[in-house]
Amino acid sequence: MNKNYHIKISVSLPVKMVEKLDKKTTYKGRSRSKYIADAITQRIEAREIQYSDIPLDELLKVTIARFGNTPRDLLMKEIIRNYLFPVNNDEKKPDYK
C-alpha cells in the first residue's frame with residue numbers, strides 16, 4: 001500500500017472538543033485532518049518518558065490532573081500528596097489542584 005494513500009475514517013468527538021479543534025485549526029489555517037494526523041503521529045512516535053528527569057512537584061501536578069472528582073479520586077489525590085509531601089503543620093502546603 002502506498003504510504004501517502006489516505007483512508008477516510010469516522011470518529012465521534014464531544015462537541016466542545018470539536019469547537020476547540022476548530023478554533024485551533026481555523027486560527028492557523030490548518031485542516032482538522034492534518035491537525036489530528038499530526039497529533040496521532042506525535043503520540044505514536046513519542047519517546048519513552050524519563051520520569052527521573054521531571055521534578056517531583058511537576059510530576060505530582062500531572063498525576064493529580066489525571067484524577068477526576070469522584071470520592072475515590074479525591075481520596076487517591078490526598079493519599080499521593082500525603083505520601084510524597086508529608087504534612088508539616090508549620091509549613092504551608094502547596095496547592096496542586
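What you see is a predicted model; the values in this text were computed from it and never measured.

Cut-offs used in this document
- Residues numbered from 1 in each chain as written.
- Predicted model: local features only at pLDDT ≥ 70, side-chain atom pairs only at ≥ 80, totals over all residues.
- Heavy atoms only, no water.
- Helix = DSSP H or I, 4+ residues; strand = E, 2+ residues; numbered from the N terminus.
- Buried < 20%, exposed > 50% of the residue type's maximum accessible area, 1.4 Å probe, protein only.
- Contact = heavy atoms within 4.5 Å.
- Lys, Arg positive; Asp, Glu negative; His and termini not counted.
- Salt bridge = Lys/Arg side-chain N within 4 Å of Asp/Glu carboxyl O.
- Polar contact = N/O pair within 3.5 Å; in protein donor to acceptor, adjacent residues only side chain to side chain.
- Expected span 1.5 Å × (residues − 1).
- Arc of directions from axis to C-beta.
- Patch = residues over 30% accessible without salt bridge, like charges linked within 9 Å, V, L, I, M, F, W, Y side chains within 5 Å.
- Areas by Shrake-Rupley, 256 points an atom, 1.4 Å probe, with all protein chains shown as cover.
- Axes fitted to C-alpha atoms, helices over the stretch in contact; angles between N-to-C directions.
- Parallel < 35°, antiparallel > 145°, perpendicular 65-115°, else oblique.
- Nonpolar A, V, L, I, M, F, W, Y, C, P; charged D, E, K, R; others polar.

**Considerations on the overall build of the protein**
Argument step 1. Looking only at helices and strands, the protein has 4 helices and 0 strands in total.
Argument step 2. N-terminal to C-terminal, the α/β element order of the protein is α-α-α-α.
Argument step 3. Out of the 97 residues belonging to the protein, those deemed buried represent 9%.
Argument step 4. Within the protein, contacts between residues separated by at least 24 positions form 24% of all contacts whose residues are at least 6 apart in sequence.

**Here we look at the side chain of lysine 77**
Argument step 1. The topology assignment puts lysine 77 in helix α4 (residues 71-84).
Argument step 2. Of the buried charged residues, lysine 77 lacks a salt bridge, with aspartate 73 as the closest side chain of opposite charge at 7.0 Å.
Argument step 3. Among the polar contacts made by the side chain of lysine 77, one reaches the main-chain carbonyl oxygen of glycine 68 at a distance of 3.3 Å.
Argument step 4. Not counting residues up to four positions away in its chain, the partners in contact with lysine 77 are Ile64, Phe67, Gly68 and Asn69.

**Examining α4**
Argument step 1. For α4, which comprises 14 residues, the first-to-last C-alpha distance of 20 Å matches the rise-based estimate of 20 Å (1.5 Å per residue) to within 8%.
Argument step 2. Along α4, the residues classified as buried are Asp73, Lys77, Ile80 and Arg81. All buried residues of α4 fall inside an arc of 100° around its axis, so they share one side. Across from the buried face of α4, at angles greater than 90 degrees, the exposed residues are Pro71, Arg72, Leu75 and Tyr83.
Argument step 3. Residues of α4 that are buried make contact with α3 (56-65).

**Structural notes on a nonpolar patch on the surface**
Argument step 1. A cluster of nonpolar side chains, contributed by Tyr5, Ile7, Ile9, Val11, Leu13, Met17, Ile36, Ile40 and Ile44, occupies part of the molecular surface with about 930 Å² of accessible area.
Argument step 2. The element best represented in the nonpolar patch is helix α2 (residues 32-45), accounting for 3 residues.
Argument step 3. Counting through the fold element by element, isoleucine 9 comes out in the segment before α1 (15-28).
Argument step 4. The class for isoleucine 9 is exposed, based on a relative accessible area of 64%.

**Here we look at the packing of α3 against α4**
Argument step 1. Where α3 meets α4, the axes come as close as 11 Å, and the angle between the chain directions of the two elements is 170°. Taken together, the axes of α3 and α4 are roughly antiparallel relative to one another. Between α3, through Leu56, Leu60, Thr63 and Ile64, and α4, the contact on the second element is made entirely by Lys77, Ile80, Arg81 and Leu84.
Argument step 2. Taken together, the residues of the contact of α3 with α4 break down into 5 nonpolar, 1 polar and 2 charged.

Don't take any of this as a statement about function, it's just geometry.
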